[in-house]
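Structure at a glance
Here is what each chain is made of, one letter per residue.
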Amino acid sequence: MTNTLALLALASALAAPFQAQKKKDAASASAATVAVTPRYAVGEKLTYTVSFSNFPDAANVELYVAGRGSYFGREGVELRAHVATVGQVRAALLAVNDYFFTYADPATGLPYRAQTVAAPPAT
């Protein structure tokens, strides 16, 4: 379950930026590729409640844009995710309280560094 929640958080954080979009030119019949620059608004936050099996509230996932600046010698955007199991799932099945940090290139949206920090389970 930890891997599933972790993959959900990372996939959601990294799938948001658009890479390219095809646009048909009305003057010609050929299709042209138009690059779309990913937009990250610092402070933007998405919060999800995860259900699992018979547990409607199994975990909480929070994704947000933490900042923009120079990270590890490169211009980047810091994306953070927090995954924590709650209630009966945390007490009886699996206690998860993990933080994920991803640094992405602001021009392409592609990540150039990622790390996971496992915190003590929330009480």
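Anyway, here's the lowdown on the structure attached to this text. (Residues numbered from 1 in each chain as written. Predicted model: local features only at pLDDT ≥ 70, side-chain atom pairs only at ≥ 80, totals over all residues. Heavy atoms only, no water.)

**As for the pattern of salt bridges**
Under the definition given, this model contains four salt bridges. Two residues, Glu 62 and Lys 45, come together in a salt bridge whose shortest N-O distance is 3.8 Å. In this pair, Glu 62 is assigned in strand β4 (residues 55–71) and Lys 45 in strand β3 (residues 45–52), connecting sequence segments 17 residues apart. Look at Lys 45 and you get partly exposed, because its relative accessible area is 49%. For Arg 80, the salt bridge is made with Glu 78, and the minimal N-O distance between the two is 2.9 Å. Exposure remark for Arg 80: the relative accessible area of 30% places this residue in the partly exposed category. Here Glu 78 falls in the buried class, since its relative accessible area comes to 8%. (Salt bridge = Lys/Arg side-chain N within 4 Å of Asp/Glu carboxyl O. Helix = DSSP H or I, 4+ residues; strand = E, 2+ residues; numbered from the N terminus. Buried < 20%, exposed > 50% of the residue type's maximum accessible area, 1.4 Å probe, protein only.)

**Observations regarding the nonpolar core**
One finds Val 50, Ala 59, Val 61, Leu 63, Ala 81, Val 83, Val 96 and Phe 100 forming the largest nonpolar core, which totals eight residues. Among the elements of the structure, β4 and β5 (74–85) are those that each provide at least two residues to this core. Ranked by the residues each element gives to this core, the list is headed by β4, at three residues. Membership of the second largest hydrophobic core comes to five residues, among which are Tyr 40, Val 65, Val 77 and Leu 79. (Core = buried A, V, L, I, M, F, W, Y, C linked by side-chain atoms within 4.5 Å.)

**Quick notes on the packing of aromatic side chains**
Applying the stated criterion across every chain yields a total of two aromatic pairs. Taking 5.1 Å as the distance between ring centres and 40° as the angle between the ring planes, the aromatic pair formed by Tyr 71 and Tyr 103 counts as tilted. Taken as a pair, Tyr 71 in strand β4 and Tyr 103 in strand β6 (residues 97–104) lie far apart in primary sequence, 32 residues in all. For the residue pair Tyr 71 and Tyr 103, the accessibility class agrees, reading buried in each case. When the centroid spacing of 5.0 Å and the interplanar angle of 75° are considered together, the rings of Phe 72 and Tyr 103 count as edge-to-face. Taken as a pair, Phe 72 in the loop between β4 and β5 and Tyr 103 in strand β6 lie far apart in primary sequence, 31 residues in all. The class of Tyr 103 is buried, set by a relative accessible area of 8%. The ring of Tyr 64 has Lys 45 lying over it, and the distance from NZ or CZ to the ring centre is 5.9 Å. Sitting over the ring of Phe 72, Arg 113 keeps its end group 3.8 Å from the ring centre. (Phe/Tyr/Trp six-rings, centres within 6.5 Å; stacked < 30°, edge-to-face > 60°. Lys NZ or Arg CZ within 6 Å of the ring centre and 35° of its normal.)

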